[in-house]
Amino acid sequence: SAKEGRRSKWQVYSKELSAAAQRWHTLSNDIHDARARGELVIHYQPQLAVDSGELMGVEALLRWQHPNEGLISPALFIPLLEERGLIGEVGQWVLESACRQCSAWHAEGRPAIRVAVNVSAQQFYQDDIVSTVRHALRSADLEPQWLELELTESLTLDESETTLRTMEELKAIGVTLSLDDFGTGWSSLSYLRRFPLDRIKIDRSFVRDLTTQSSSAAIVHSILELARSLGLECVAEGVETIDQLNHLQRELCSEFQGFLYSQAIPADEVSLLLRARENRGASNIRSKAAAM
Ligand code: C2E
Ligand code: MG
Ligand code: MG
Ligand code: MG
């Protein structure tokens with residue numbers, strides 16, 4: 001009967017719901033020791049100059065290799081870490097590892113590259129973020145200008161005095177501050193006015209539709225113009241096609257990252273990119289010398 005049909009549908013639905021709740025519960029328990037078990041790894045996504053294609057820096061992106069579930073997205077487990085109050089500890093580990101790694105790359109060759117680390121709102125408001133950053137730089141022996149902190153407006157950074165003071169303290173250390181996922185939050189413009197930012201990252205959603213939707217093209221155009229007039233650098237996220245890259249070049253965007261060039265890769269693959277860059281340099285010099 002219709003009534004039974006409804007009931008069984010409901011039962012299926014509630015079974016699915018509880019399976020999802022169960023999975024969340026399991027993952028929430030598993031994340032507790034994930035780092036101790038060595039399941040959390042940091043990959044790095046290259047950021048390149050739009051004009052020259054030169055490697056300028058990398059963004060550190062956390063990965064969780066779960067023993068049963070496979071690779072789990074940070075979009076899922078960062079909220080878990082926050083919920084369990086583990087984001088501070090894990091965030092500190094990411095900062096320290098990324099700084100150490102960047103310092104090691106510098107020792108492998110010049111020109112030096114930057115490393116960008118995402119800082120979640122909860123981590124930002126823990127009262128030791130400034131000393132955590134200072135300590136990470138010092139213990140890695142990394143000069144502050146090579147560290148960039150990515151803050152997300154959509155993660156409820158509020159416009160309080162505390163936010164401003166913390167950002168100013170971070171600026172005073174000499175690190176670069178950037179606003180991630182720009183354009184997706186409610187208060188993008190007032191953020192730019194109020195906070196001491198250096199860079200903005202154009203959200204992937206605008207880049208995705210850049211060459212197919214005139215409204216996205218108009219928004220990207222305006223963001224770049226705004227950034228220029230405020231003296232901010234711009235990085236476009238999620239560049240997947242050569243058409244998108246060409247469009248960004250015409251619009252004078254300075255840097256990009258995206259699958260067109262590379263997804264986030266392990267640290268030793270970044271080293272290979274750095275070495276390839278040097279070899280290219282050397283072979284350029286060789287071919288120039290041969291031509292003389
Ligand atoms: P995000 O900071 O905006 O990072 C960019 C995301 O876009 C990454 O997703 C990256 O893999 C993805 N992406 C880059 N290029 C492309 C592209 O061309 N196409 C597509 N489809 N995607 C692209 P991912 O690694 O899954 O990270 C998701 C979010 O998780 C990050 O967004 C960031 O907010 C957060 N996250 C990652 N690692 C950390 C971390 O160490 N700490 C904190 N607090 N958050 C992190
Ligand atoms: Mg980011
Ligand atoms: Mg982003
Ligand atoms: Mg983000």
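No experiment lies behind these values; they were computed from the predicted model shown.

## Some details on helix α5 (residues 129–140)
Here α5 spans 16 Å end to end across 12 residues, near enough to the 16 Å set by a 1.5 Å rise per residue. Within the span of α5, buried status applies to I129, V130, T132, V133, A136, L137 and A140. Projected onto a plane normal to the axis of α5, the buried residues spread over an arc of 165° and lie on a single side. In this structure, the buried side of α5 is in contact with α3 (87–108), β4 (114–119), α4 (121–124), β5 (147–152) and α6 (161–173).

## A short note on the coordination of the magnesium ion (ligand 2)
Every protein donor of the magnesium ion (ligand 2) is listed here as E59 (OE), N118 (OD1), E150 (OE) and D180 (OD), and their distances to the metal cover 1.9 to 2.2 Å. Read in sequence order, the donor residues coordinating the magnesium ion (ligand 2) give the pattern E-x58-N-x31-E-x29-D. In this model, the magnesium ion (ligand 2) sits 4.2 Å from the magnesium ion (ligand 3), the two metals being bridged by D180. Of the two residues, N118 is situated in strand β4 and E150 in strand β5; the sequence distance between them amounts to 32 residues. Classification of N118 as partly exposed rests on a relative accessible area of 28%. Of the residues examined, E150 reaches a relative accessible area of 0% and is grouped as buried.

## Overview of the environment of A116
Turning to its location among the elements, A116 is positioned in strand β4. Take A116: its relative accessible area is 0%, and that puts it in the buried class. Taking the C-alpha atoms as reference points, A116 and G57, 59 residues apart in sequence, are found 7.5 Å from one another. The residues contacting A116, other than those within four sequence positions of it, are V58, E59, A60, E148 and E150.

## A few points about the site of ligand 1
In the vicinity of ligand 1 lie 20 residues, with R63, D180, R204, E240 and F259 positioned nearest. Residue D181 places a side-chain N or O atom 3.1 Å away from an oxygen atom belonging to ligand 1. Backbone polar atom of F259 to an oxygen atom of ligand 1: 2.8 Å apart, as the coordinates give it. For ligand 1, the accessible surface in isolation is 800 Å², of which the surrounding protein chains cover 84%. For the shell around ligand 1, the secondary-structure elements that each account for two or more residues are β2 (55–66), α2 (74–83) and β6 (176–182). Here the shell around ligand 1 takes 4 residues from β2, the largest share from any one element. Residues that form the shell around ligand 1 fall into these classes: 7 nonpolar, 5 polar and 8 charged.

Quick notes on the rules
- Residues numbered from 1 in each chain as written.
- Chains lettered and ligands numbered in written order.
- Predicted model: local features only at pLDDT ≥ 70, side-chain atom pairs only at ≥ 80, totals over all residues.
- Heavy atoms only, no water.
- Helix = DSSP H or I, 4+ residues; strand = E, 2+ residues; numbered from the N terminus.
- Expected span 1.5 Å × (residues − 1).
- Buried < 20%, exposed > 50% of the residue type's maximum accessible area, 1.4 Å probe, protein only.
- Arc of directions from axis to C-beta.
- Contact = heavy atoms within 4.5 Å.
- Donors = N, O, S within 2.8 Å, 3.2 Å for Na, K, Ca; no water.
- Near = heavy atom within 4 Å.
- Polar contact = N/O pair within 3.5 Å; in protein donor to acceptor, adjacent residues only side chain to side chain.
- Areas by Shrake-Rupley, 256 points an atom, 1.4 Å probe, with all protein chains shown as cover.
- Nonpolar A, V, L, I, M, F, W, Y, C, P; charged D, E, K, R; others polar.

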